[in-house]
Amino acid sequence: SWRVIACSEYMAGEIREFFGCPADKIDVIPNGVDPTPFQRVAQEDLRGFRAMYALPDEQIVFNVGRVVYEKGVHVLVEAAPKVLAQTPAAKFVIAGRGPMVEQLRHRAWELGVGEKILFAGFISDEDRNRLFHLADCAVFPSLYEPFGIVALEAMAAKCPVVVSEVGGLKEVVKHAETGITVYPDNPDSLAWGIVHTLSRPDWARQRAENAYRMVLELYNWDRIARLTVDVYKRVVEERRHVDW
């Protein structure tokens, strides 16, 4: 290839390391998100839908994705008792399929928090968007994450986010500005981030508004398309001047 497009600086580093690709051959262009579906959800009456997942006085802590080791859902389960000790109204909703579901369900009951963690299984994109809109906090405690599109989706729904400081996630989420970042694979740090978000909804709302503005400005598809077209134009122009 003449040039390589990576979705994050983290992935650009992976490409350099594993493929020996020269740094000046790589362009970083992020993934994007369309906020329109989340804006539509905001117009719905979601009271009945919310009742399927939490009691009226509970604060929803939402996670969605594959339930596999690298997504760090086990860290969230281990953090749950620590969160509930300080914010007993928290209710954890974990959506998605994967080989660790039953193991984590069993672990939740071992920790004495089984009734406060709902493993929702597969959900549609529409229900995911509704839960992002309703959640008091969206949590992505990944151990490895090339980009972190789920964080962008939560931001597009104006949902406060807590993410582990790994891979592309730490590029998308700026600590204390557009969300909270925590140490990876650390239940204590994750619990701190969740409690901070749930206990200071005013600060959480401000971060969510900052994040929403950033999504509109930097992660819209028109901008990403322009950046991508520019790379192709550069390739065409450079190849035109090559002496074959």
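Nothing here was measured: the structure is a model prediction, and the numbers come from that model.

With that settled, the discussion passes to the overall build of the chain. Counting secondary structure elements, the chain contains 11 helices and 8 strands. Here the chain has a C-alpha radius of gyration of 20 Å; the compact-globule value for 244 residues is 18 Å, and the two agree. With respect to the three principal axes, the spread of C-alpha positions in the chain is 70 × 40 × 30 Å. A total of 244 residues make up the chain; the buried ones form 50% of that total.

Every buried residue of helix H5 (residues 101-110) is listed here: Val-101, Leu-104 and Ala-108. Down the axis of H5, the buried set is contained in an arc of 70°. They therefore lie on one face. Of the residues in H5, the exposed ones pointing more than 90 degrees away from the buried face are Glu-102, Gln-103, His-106, Trp-109 and Glu-110. Residues of H5 that are buried make contact with helix H4 (73-86) and strand E5 (117-121).

A volume near 340 Å³ is recorded for the largest pocket. Contributing to the lining of the largest pocket are 20 residues, with Val-64, Gly-65, Arg-66, Ala-95 and Val-150 lying nearest its centre. Among the elements of the structure, strand E3 (59-64), helix H6 (125-134) and helix H7 (149-156) are those that each provide at least two residues to the lining of the largest pocket. Classifying every residue of the lining of the largest pocket by side-chain character gives 8 nonpolar, 6 polar and 6 charged.

Under the definition given, this model contains 6 aromatic pairs. A centroid spacing of 6.0 Å and a plane angle of 65° characterise the contact between Tyr-10 and Tyr-144, whose relative ring orientation is edge-to-face. You can see Tyr-10 sitting in helix H1 (residues 9-19) and its partner Tyr-144 sitting in the loop between strand E6 (137-140) and H7, a full 134 residues away along the chain. On the basis of relative accessibility, which here comes to 36%, the residue Tyr-144 falls in the partly exposed class. Chaining the aromatic ring pairs together yields one cluster made of Phe-38, Phe-62, Phe-132 and Phe-140. When the ring centre of Tyr-212 is taken as origin, the NZ or CZ atom of Lys-158, which lies over that ring, is 4.6 Å away. Its end group placed over the ring of Trp-203, Arg-200 keeps NZ or CZ at 3.9 Å from the ring centre.

Throughout the structure, instances matching the rule amount to 17 salt bridges. The salt bridge partner of Glu-102 is Arg-105, with a shortest N-O separation of 3.1 Å. Of the two residues, Glu-102 and Arg-105 are both situated in helix H5; the distance of 3 residues between them amounts to about one turn of the helix. In this structure Glu-102 comes out as exposed when scored by relative accessible area, which is 53%. Among the residues examined, Arg-105 registers a relative accessible area of 29% and is labelled partly exposed.

Turning our eyes to something else, we now look at the pairing of E6. Along E6, one buried face is formed by Cys-137 and Val-139 and the opposite face, lined by Ala-138 and Phe-140, is buried too. Of the pairings in the sheet, the one linking E3 to E6 comprises 2 bridges and is parallel in character. From the neighbouring strand, Phe-62 faces E6, where its bridge partner is Ala-138.

Here we take up the environment of Pro-141. As for its placement among the helices and strands, Pro-141 is situated in the loop between E6 and H7. Look at Pro-141 and you get buried, because its relative accessible area is 3%. Separated by 45 residues in the primary sequence, Pro-141 and Asn-186 have C-alpha atoms spaced 8.9 Å apart. When residues no more than four places from it in sequence are discounted, the contact partners of Pro-141 are Asn-63, Lys-71, Gly-72, Val-73, Leu-76, Ser-164 and Leu-190.

Here the focus is the nonpolar core. Core analysis: the largest hydrophobic core is formed by 45 residues, its most contacted members being Phe-62, Phe-132, Phe-140, Leu-152, Met-155 and Val-172. Take this core: its biggest share by element is 5 residues, from H7. Apart from the residues lying within four places of it in its own chain, the contact partners of Leu-152 are Asn-31, Gly-32, Val-33, Phe-147, Val-172, Val-215 and Tyr-219.

Tracing the sequence through the fold places Ala-151 in helix H7. Considered as a pair, Ala-151 and Ala-211 are 60 residues apart in the sequence and their alpha carbons are 9.9 Å apart. Excluding its chain neighbours within four sequence positions, the residues that come into contact with Ala-151 are Phe-140, Val-161, Val-163, Leu-169, Val-172 and Val-173.

Scoring rules and cut-offs
- Residues numbered from 1 in each chain as written.
- Predicted model: local features only at pLDDT ≥ 70, side-chain atom pairs only at ≥ 80, totals over all residues.
- Heavy atoms only, no water.
- Helix = DSSP H or I, 4+ residues; strand = E, 2+ residues; numbered from the N terminus.
- Rg over C-alpha atoms; globule rule 2.2 N^0.38 Å.
- Buried < 20%, exposed > 50% of the residue type's maximum accessible area, 1.4 Å probe, protein only.
- Arc of directions from axis to C-beta.
- Contact = heavy atoms within 4.5 Å.
- 1 Å grid on protein atoms, 1.4 Å probe; cavity = no way out; pocket = protein on both sides within 12 Å on 5 of 7 lines; lining within 4 Å.
- Points joined across faces, edges and corners; volume = space filled by probe spheres on them.
- Nonpolar A, V, L, I, M, F, W, Y, C, P; charged D, E, K, R; others polar.
- Phe/Tyr/Trp six-rings, centres within 6.5 Å; stacked < 30°, edge-to-face > 60°.
- Lys NZ or Arg CZ within 6 Å of the ring centre and 35° of its normal.
- Salt bridge = Lys/Arg side-chain N within 4 Å of Asp/Glu carboxyl O.
- Pairing = 2+ DSSP bridges.
- Core = buried A, V, L, I, M, F, W, Y, C linked by side-chain atoms within 4.5 Å.

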